[in-house]
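Listed below, chain by chain, are the residues.
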Amino acid sequence: MSLCLRALDSKGLMTTAPSPSSTASLHIVCPHCQTTNRVAKADLGKATDCGQCHKALFSGQSVAMSEAAFDKHLLRDQIPLLVDFWAPWCGPCRQMAPAYEQAAQQLEPQVRVAKVNTEEAQNLGARFNIRSIPTLALFLNGREVARQAGAMGAADIVRWTQSQLAQHR
Ligand SMILES: [Zn+2]
């Protein structure tokens, strides 16, 4: 995988180097001001604030994203990005909303959980060829790795996300 190769390049081939998992950090885009923060992997589960705006990087809630915000998360976040493409006029979307929030509580901070209102961010719906809503799409390292159309319960959202990530890591 490309990430592993880059880590090897920068660290050389020293076999005595400390385990990468204890020292590695991740780029996490702030959901409030879109500043890219560097967070130690070990600190990911702790309450971590943005170095720029000092708000929490993770709140256990989904983040409503414009196209510009989405692109920053897509390109810079070094954690997976889960997106619910929805619209206010869509009944199944509104029904799924509480389940999506429950899933967000369980998936963060391993996954950034986002919502894109396809009424407001119409370009994004077109760019990703969203044909029906709700559609969940999972992005990893800037590219889509899976999508699923149709409303799901919280447990199914979490299970689907984790099984997709297990296949793509
Ligand atoms: Zn911030």
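A brief look at the structure comes next. None of the values given here were measured: they were computed from a predicted structure.

Criteria and thresholds
Residues numbered from 1 in each chain as written. Predicted model: local features only at pLDDT ≥ 70, side-chain atom pairs only at ≥ 80, totals over all residues. Pairing = 2+ DSSP bridges. Helix = DSSP H or I, 4+ residues; strand = E, 2+ residues; numbered from the N terminus. Core = buried A, V, L, I, M, F, W, Y, C linked by C-beta atoms within 7 Å. Buried ≥ 20, exposed ≤ 12 C-beta atoms within 10 Å, placed from the backbone. Contact = placed C-beta atoms within 7 Å.

### Quick look at the sheet that holds strand 6 (residues 135-140)
Judged by pairing direction, the sheet is mixed, and its five strands sit side by side in the order 3-5-4-6-7 without closing on themselves. One side of each edge strand has no neighbouring strand; the edge strands of this open sheet are strand 3 (63-64) and strand 7 (143-149). Bridge count for strand 3 against strand 5 (residues 112-117) is two bridges, and the pairing is parallel. Of the residues in strand 5, the one forming a bridge with Val63 is Ala114.

### What to know about the nonpolar core
One finds Phe70, Leu82, Val83, Leu107, Val113, Ala114 and Val116 to be the most contacted residues of the largest nonpolar core, which totals 37 residues. Listing elements by their share of this core, those giving two or more residues are strand 1 (25-29), helix 3 (67-76), strand 4 (81-86), helix 4 (91-107), strand 5, strand 6 and helix 6 (154-168). Here the element with the most residues in this core is helix 4; it accounts for six residues. The contacts of Leu82, once residues within four sequence positions are left out, are Leu107, Val111, Val113, Ala114, Leu136, Leu138 and Thr161.

### Topic: the environment of Cys53
Inspection of the secondary structure assignment puts Cys53 in the loop between strand 2 (36-40) and strand 3. As for Cys53 and Gln34, which are separated by 19 residues in sequence, their C-alpha atoms are 9.5 Å apart. Cys53 has contacts with Cys30, His32 and Cys33, leaving out every residue within four places of it along the chain.

### Quick look at the pairing of strand 7
Regular strands have side chains that alternate between both faces of the sheet. Across six bridges, strand 6 lies against strand 7 in antiparallel orientation. From the neighbouring strand, Thr135 faces strand 7, where its bridge partner is Ala149. In sequence, strand 6 turns back onto strand 7 through a hairpin of two residues, with Asn141 there showing a positive phi of about 55 degrees.

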